[in-house]
Every structure is written in C-alpha cells, then in structure tokens.
Amino acid sequence: MDLSSLERQRLVAVTAALFTHDSDAPELQHVWLHLEAMIVLVYVASDWALRITPDEPGESYTMEEFDSRVDIVPAPADVPFVRHIGERLVRVTEEFDIMDPAQCVEAEFVFDTGCVAARSFSGDLHLTGA
C-alpha cells in the first residue's frame, strides 16, 4: 500500500480489537484508523511483520474452546491514536528489518501535535505515543 495516500487526511475515529482470555485483562490486538477517505488496519501478521492495509472492522467474536473472545470496540483512551482524533496525519514512515528488508517492523504516524509509533515486537502490536 502506498502510505502517502494516508497523508493530509483527518483521523475521525479509532476502533480496536481487544483479545481477552478467560478473566485476564484485554490485550490490544489490532487498530483501525478511520480517516476521512478510507479506513486502514494496523496489525502484526503471522510472520511478525507490521502491516498497514485498507480494511474495515468486523464483528466481535468468541472462541469458546479457548475460553477467549475478541471485542471490536471504539478504542479506549489509552490507545495513543485516540489523542489525535480530529487531527491531520502529516506522514507515515516505515522501518524495515535489517536482516529481511521486505519485512516492516515499525511505522511512525506523525500528526499535527505528535506521533504514534506502531511496532511489531515478538508477534504483538505495541503502540507508543510522543
């Protein structure tokens, strides 16, 4: 995906996929960024690469055999993208694995008032804001 197509678009909402196993605290699995002209999914694929692709949120579901569920909900306030709702996305830059230059491991989303880094770490999505 050409990430320059995301630039200059306003972030209007953020949706999250929260994975819950048994009675554990929910863990962030994916985020969807609702931009003015499109929705993109930010997630870590099965090969541990960070992916940013056009996609729309699905429905929540349960995995009864694992006593787990995935809730698709408006992102909670602790998801760093949330503080940038209403702002324009200035740019998105990607970093690639030195050993596998085709595999994205991090992306920085720069907004009017700060940035959010999305990282693949041990197969999980990690978000930090600045």
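Residues numbered from 1 in each chain as written. Predicted model: local features only at pLDDT ≥ 70, side-chain atom pairs only at ≥ 80, totals over all residues. Heavy atoms only, no water.

What the chain contains, in helices and strands, is zero helices and ten strands. Taken from N to C terminus, the helices and strands of the chain fall in the order β-β-β-β-β-β-β-β-β-β. For a compact globule of 130 residues, the expected C-alpha radius of gyration is about 14 Å, and the chain comes in at 15 Å, within 12% of that figure. Once the C-alpha set of the chain is aligned to its principal axes, its extents read approximately 45 × 35 × 25 Å. A burial count over the chain gives 39% of its 130 residues as buried. Sequence-distant contacts in the chain: of pairs separated by 6 or more residues, those separated by 24 or more amount to 50%. (Helix = DSSP H or I, 4+ residues; strand = E, 2+ residues; numbered from the N terminus. Rg over C-alpha atoms; globule rule 2.2 N^0.38 Å. Buried < 20%, exposed > 50% of the residue type's maximum accessible area, 1.4 Å probe, protein only. Contact = heavy atoms within 4.5 Å.)

For serine 120, the position within the fold is in strand E9 (residues 114-121). Using a relative accessible area of 15% as the deciding quantity, one classes serine 120 as buried. Side-chain polar atoms of serine 120 contact the backbone oxygen of tryptophan 48, separated by 2.4 Å. Ignoring any residue separated from it by four or fewer positions in sequence, one finds serine 120 in contact with Val44, Trp48, Ala49, Leu50 and Val105. (Polar contact = N/O pair within 3.5 Å; in protein donor to acceptor, adjacent residues only side chain to side chain.)

Another aspect to go through is the pairing of strand E10 (residues 124-129). In this sheet, E10 lies alongside E9 in antiparallel orientation, the contact comprising six bridges. In the sheet register, arginine 119 faces E10, and the bridge partner there is histidine 126. The antiparallel hairpin formed by E9 and E10 contains two residues in its connecting segment, where serine 122 sits at a positive phi of about 55°. (Pairing = 2+ DSSP bridges.)

With that settled, consider the sheet that holds E10. In any sheet, the strands associate via hydrogen bonds between backbone groups, in a parallel or an antiparallel arrangement. Pairing within the open sheet is antiparallel, and its four strands lie in the order E7-E8-E9-E10. Two strands in the sheet have a free side with no partner beyond their single neighbour: strand E7 (89-96) and E10. For this sheet, the mean inter-axis angle between neighbouring strands, taken without regard to orientation, is 15°. (Axes fitted to C-alpha atoms, helices over the stretch in contact; angles between N-to-C directions.)

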